[in-house]
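One-letter residues, chain by chain:
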Amino acid sequence: MNKLIEVIIVDDCSTMNYTEVYNDFIDLNLTILKPDQNSGPGVCRHIGVDKAVGKYITFIDSDDKFSDSTSLQRLYAFALANPDMDMVCGQTIEELKDGTTYTHLKSFTWCFAKLYKLDFLRKNNINFNSTRANEDNSFCTLCSLCADKVAWLLEPVYLWRYQPTSITRENNHEYQYRGFKSYVENMIWVYDQCVLRGIEKKEKCAYHCIAVWIRIYFHFLNVF
């Protein structure tokens, strides 16, 4: 069973030694990779996608976790029941500062809580760019625009934990300000990628462009 799942850990030049932690999971089909220098989540995920050999691929951040022990099993069973889908997507539970939770339904904002068919990513030459913020948003958005078939599992599979020291929440949510430029750059990147693929005039790409402007508007309201 352990060989059914390939686990790829990309260590972004951490200053901590995780050897003992890795040794606790030595029985897993585990691969540990490390870039030459600290490069951010986009580069690390790009490395992981390049290395992956399984039929499906999913992502999990180091400070998050799956919602329960059956999350991957349920996603995989859903994928097997829908073999024609390029992606199958579950729901994400966000843990808030006050300890309450909020469930995000049918969101393409983040790359997690989803299984991507690896052949789909390879065929469409989809991978993460090297930006340090919003790279998961642009990756997932491009996947949604290139995918012909997407299925939604209306069950929570992922827990986005509240961590005050995480990139998105440190320094009193400073990320909302400095991450805005990166968001715009990533959405331009998505459009450029659509142009390269000749799909920029498709109906859902037009809807995406409208959605980008709407999100920018509400982002400004939130920041100011």
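Structure shown above.
Residues numbered from 1 in each chain as written. Predicted model: local features only at pLDDT ≥ 70, side-chain atom pairs only at ≥ 80, totals over all residues. Heavy atoms only, no water.

## Topic: the packing of aromatic side chains
So, step 1. Under the counting rule described, the total for this entry stands at 13 aromatic pairs.
So, step 2. Ring centres of Phe59 and Phe128 lie 5.2 Å apart, and the angle between their planes is 85 degrees; this geometry places the pair in the edge-to-face category. Placement of Phe59 in the loop between β3 (56–57) and β4 (65–66) and of Phe128 in the loop between α4 (118–123) and α5 (135–146) is noted, with a sequence separation of 69 residues between them. Comparing Phe59 with Phe128, the two get one shared label, buried. (Phe/Tyr/Trp six-rings, centres within 6.5 Å; stacked < 30°, edge-to-face > 60°. Helix = DSSP H or I, 4+ residues; strand = E, 2+ residues; numbered from the N terminus. Buried < 20%, exposed > 50% of the residue type's maximum accessible area, 1.4 Å probe, protein only.)

## Describing helix α3 (residues 71–81)
So, step 1. For α3, the full list of buried residues reads Ser71, Leu75, Phe78 and Ala79. Each buried residue of α3 lies within a common arc of 100 degrees when the element is viewed along its axis, so the set occupies one face. Facing away from the buried side of α3 by more than 90 degrees, the exposed set consists of Gln73 and Ala81.
So, step 2. Considering only its buried residues, α3 is in contact with β3, β4, β5 (87–95), β7 (114–117) and β8 (150–160). (Arc of directions from axis to C-beta. Contact = heavy atoms within 4.5 Å.)

## Topic: the side chain of Glu135
So, step 1. Mapped onto the elements, Glu135 comes out in helix α5.
So, step 2. Under the relative-accessibility criterion, Glu135 is labelled buried at 4%.
So, step 3. Within the structure, the side chain of Glu135 is placed 2.4 Å from the side chain of Arg45, a separation counted as a polar contact. (Polar contact = N/O pair within 3.5 Å; in protein donor to acceptor, adjacent residues only side chain to side chain.)

## Quick word on the nonpolar core
So, step 1. Of all hydrophobic cores here, the largest spans 31 residues; its most connected members are Tyr116, Leu121 and Phe139.
So, step 2. Of all the secondary-structure elements, those providing two or more residues to this core are β5, α4, α5, α7 (175–197) and α8 (203–223).
So, step 3. Look past the residues within four positions of Phe139 in its chain and what remains in contact with it is Phe59, Cys111, Tyr116, Leu121, Ile126, Asn127, Phe128 and Trp189.
So, step 4. Counting 15 residues, the second largest nonpolar core, distinct from the first, contains Met85, Phe112, Ala113 and Val157. (Core = buried A, V, L, I, M, F, W, Y, C linked by side-chain atoms within 4.5 Å.)

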